[in-house]
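# Descriptive analysis of the structure
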Amino acid sequence: MQSGGVVERVGHITEVCADEAADVVAIESALVAVREASAWLDARHAQLVSKLALASSFPESVIAAAAKSSIAAASRSCERAATLAVTPGLAGALGDGAITSAHIDVVTRGSKQLPLAQRTELFDRVESLVAVAEAATVDEFAKRVGLEVRRLQAEDAIDRLERQRRDTRVSSWVDNDGMWNLRGQFDPLTGVRLDAKLRATVEALFPEAPPAGCPVDPLEKQKFLAAHALAALLDGAGGTGRVGRPEFVVVVDADADRSIHGAGPVALWPIPVEIAPQVLAELAGHSDLHTVVVCNGIVLHAPGELNLGRSTRLANRAQRRALRGLYATCGIPGCTVGFDRCKLHHIIWWRHGGLTDLENLIPVCSKHHGRIHNDNWVITLGPNRELTLRLPDGSTQSTGPPTIRAA
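Residues numbered from 1 in each chain as written. Predicted model: local features only at pLDDT ≥ 70, side-chain atom pairs only at ≥ 80, totals over all residues. Heavy atoms only, no water.

### Section: the side chain of H103
- Secondary-structure assignment places H103 in helix α6 (residues 101-112).
- Judged by relative accessible area, H103 falls into the buried class, the value being 5%.
- Side-chain polar atoms of H103 contact the side chain of T100, separated by 2.9 Å.
- A polar contact of 3.1 Å, which involves the side chain of H103, links it to the backbone oxygen of A136.
- Those residues within four positions of H103 in sequence are excluded, and the remaining contacts are A133, A136, T137, V138 and F141. (Helix = DSSP H or I, 4+ residues; strand = E, 2+ residues; numbered from the N terminus. Buried < 20%, exposed > 50% of the residue type's maximum accessible area, 1.4 Å probe, protein only. Polar contact = N/O pair within 3.5 Å; in protein donor to acceptor, adjacent residues only side chain to side chain. Contact = heavy atoms within 4.5 Å.)

### Some points on a negative patch on the surface
- Together, E15, D19, E20 and D23 give the surface a local cluster of negative charge.
- Topologically, E20 is positioned in the loop between α1 (3-18) and α2 (24-55).
- Take E20: its relative accessible area is 85%, and that puts it in the exposed class. (Patch = residues over 30% accessible without salt bridge, like charges linked within 9 Å, V, L, I, M, F, W, Y side chains within 5 Å. Areas by Shrake-Rupley, 256 points an atom, 1.4 Å probe, with all protein chains shown as cover. Salt bridge = Lys/Arg side-chain N within 4 Å of Asp/Glu carboxyl O. Lys, Arg positive; Asp, Glu negative; His and termini not counted. Charge placed at Lys NZ, Arg CZ, Asp CG, Glu CD.)

### Considerations on the packing of helix α10 (residues 188-205) against helix α11 (residues 218-234)
- Across the interface, α10 lies against α11 with an axial gap of 9 Å and an inter-helix angle of 95°. Accordingly, the angle class assigned to the pair α10 and α11 is roughly perpendicular. Contacts between α10 and α11 pair K197, L198, T201, V202 and L205 from the former with L225, A226, A229, L230, A232 and L233 from the latter.
- Its residues assigned to classes, the contact of α10 with α11 comprises nine nonpolar, one polar and one charged. (Axes fitted to C-alpha atoms, helices over the stretch in contact; angles between N-to-C directions. Parallel < 35°, antiparallel > 145°, perpendicular 65-115°, else oblique. Nonpolar A, V, L, I, M, F, W, Y, C, P; charged D, E, K, R; others polar.)

### What to know about the packing of helix α7 (residues 116-127) against helix α9 (residues 138-166)
- Where α7 contacts α9, the axes come no closer than 11 Å and their chain directions differ by 140°. Taken together, α7 and α9 sit at an angle that is classed as oblique. Where α7 crosses over α9, the two elements pack in a sense that is right-handed. In this structure, α7 contributes Q118, E121, L122, R125 and V126 to the contact, and α9 contributes F141, E148, V149, R151, L152, Q153, E155 and D156.
- Class assignment of the residues belonging to the contact of α7 with α9 gives a composition of five nonpolar, two polar and six charged. (Left-handed = near helix turned anticlockwise from the far one by under 90°.)

### Details of α6
- The end-to-end C-alpha distance of α6, which contains 12 residues, comes to 17 Å, matching closely the 16 Å that a straight helix rising 1.5 Å per residue would cover.
- Extensive coverage of α6 is indicated by the burial of nine of its 12 residues.
- Residues of α6 that are buried: S101, H103, I104, D105, V106, V107, T108, G110 and S111.
- Tucked inside the fold, the buried residues of α6 contact α2, α4 (71-85), α5 (88-95), α7, α8 (130-135) and α9. (Expected span 1.5 Å × (residues − 1).)

### Quick look at unusual backbone geometry
- Its identity as a non-glycine residue notwithstanding, K68 has a phi of 55°, on the positive side.
- Within the fold, K68 resides in the loop between α3 (59-67) and α4.
- Accessibility expressed as a relative area gives 79% for K68, which makes it exposed.
- We note that R385 has phi near 60°; this positive angle belongs to a residue other than glycine.
- In this structure, R385 sits in the loop between β9 (378-381) and β10 (387-390).

### A look at the sheet that holds β10
- Spatial ordering of the open sheet is given by β9-β10-β11, a layout of three strands whose pairing is antiparallel. Each having just a single partner strand, β9 and β11 (396-398) make up the two edges of the open sheet. Put simply, the sheet's adjacent strands are angled 15° from each other on average, direction ignored.
- Pairing analysis gives three bridges linking β10 to β11, with the strands arranged antiparallel. Across the sheet, residue R390 finds its bridge partner in β11, namely T396. (Pairing = 2+ DSSP bridges.)

Structure, rendered in structure tokens:
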């Protein structure tokens, strides 16, 4: 589109704005004209930014001052200009007003999910999708670009795993304090198995009280217990009866954004490392898989015994699996400590006759567990696990039903 076309569109926009009797068709045509004129200006803006990048050592500062915007916004303008520079087809469509700058930003965001070696391939593929961009909304185009990103990631998944396996290393050294240090890096499949074995050993060795010298800080405490669990495993004293099989919980949320009777349930896999979907099949063959069905704060189905009554004070593995389907973190409002670092607390305390039943258990981190038992914090649960926290000063905090998406 030439500058004369922009002038025509500006004139049309002005006329419709001045026409008090303008109908829907006229207003819609003016809105299209606004989009096309804005796109042309965005294309010119990108060209100026590209020129500025060659003339200034800190173009973002100049852009922010000229536009009266933030440095962050100026940085996004530089990224958009860089994307347009390597996608001439999209640049032409933007200049013609056929697409918007938001379409370009979709490509920029998608490229950031890929290593540098794969970004060029994404840009080449996007160039063949210009017609798609011209016909699609930004959301529709984002889905298509996302598909191309996932395809590129999938193509690299197996090669990446092999590289990770070749890069597996363990090293040790003695520091200046005389401490023997151990450092290791492992491929994600091995890492998941090691993580599962360490967690199971920690649970088996320290079900109630930690050993002497254990730190109070929750993060340092977990590191301390993991170190002792590793030492016990090396001595053959893990005592878990397990051989390091990972345990995955597939959460089927019947109250998710999509209906379980409509588009299908939503499955969530709380995996502690990044693993490509193509590699999950191999991992699944060496894992324990469990399905937990939840809806609006209620566990509809979970394997194992979920109600132990007064037979034991300690929650079992089945109860932890079930609650993992509801909680991503500590159940106290605003706490971000992950579920796997939490204890299961009795709402009605065990010493007060509370039952070790699922409806009487909630995950809380070590810090908040101490506040509940020592600082007179009182928590109650509603019928859908709506939590009310009453503090000693009389104030309260409340949450709705828990959801693992809160993470």
